[in-house]
Amino acid sequence: SDRAAASMSRMISVAHVKKALLFYAPQMKGLAQRIAAEAEAVQLCTISWSRQSDDGFAAITIEEPWKIRGSVVFFLASFDDPECIYEQFAVMSKIPRLGPSVFKIFLPCFPSLTLANEGGERGRGLPGEV
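If you're wondering where the values come from, they're calculated on a predicted model, not measured in any experiment.

**Student:** Help me understand the confidence of the model for the protein, please; the structure alone is not making it clear to me.
**Tutor:** Note that predicted coordinates carrying low pLDDT should not be read in detail. On average, residues of the protein score 79 in pLDDT, and 68% of them reach the 70 mark or higher. Across the protein, strand β5 (residues 72-76) holds the top mean pLDDT of 94, while helix α4 (residues 115-118) sits lowest at 52.

Structure, rendered in structure tokens:
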């Protein structure tokens, strides 16, 4: 949403950075573009995501990885689809090894529980049940 983009761009600009690199999960492309439009310090960076057919694991390529060294880097994640979580964790673990001066992960709020899981409005679910 536009409010989320404005909020995230304010968080980036509050950090008083001259330039920040923003990587994003494929399903967050629209939000990433709105953040970049709101914050002039943000440079969108791309990651190629594809499934390899032989072993089923993703082939992930961070485009222009040399830009990361010494930079302020943000990753806009999305855990809405369980199919993509592994790939995102792979990216989130690779970026710090490329030497950014600062690395932060934005994970917009997503529903993890419903009233049905919690046992209705009064919370009659079993303790620890998710």
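**Student:** Would you mind going over the sheet that holds strand β2 (residues 42-44) with me for this structure?
**Tutor:** Remark on secondary structure: sheet strands pair via backbone hydrogen bonds, oriented parallel or antiparallel. Spatially, β2-β1-β5-β6 is the arrangement adopted by the 4 strands of the open sheet, whose pairing is parallel. The outermost strands of the open sheet, each flanked by one partner alone, are β2 and β6 (102-106). Between one strand and the next, the sheet's axes are offset by a mean angle of 25 degrees, whatever the strand orientation. For β5 and β6, the ladder comprises 5 bridges, and the chain directions are parallel. The residue bridging Val-72 from the neighbouring strand is Val-102, located in β6. Packed on one face of the sheet, helix α2 (residues 29-38) meets β1 (20-24), β2 and β5 and runs near 145 degrees to β2.

Here is what the cut-offs are and how they apply
- Residues numbered from 1 in each chain as written.
- Predicted model: local features only at pLDDT ≥ 70, side-chain atom pairs only at ≥ 80, totals over all residues.
- Heavy atoms only, no water.
- pLDDT = per-residue confidence, 0-100.
- Helix = DSSP H or I, 4+ residues; strand = E, 2+ residues; numbered from the N terminus.
- Pairing = 2+ DSSP bridges.
- Axes fitted to C-alpha atoms, helices over the stretch in contact; angles between N-to-C directions.
- Contact = heavy atoms within 4.5 Å.

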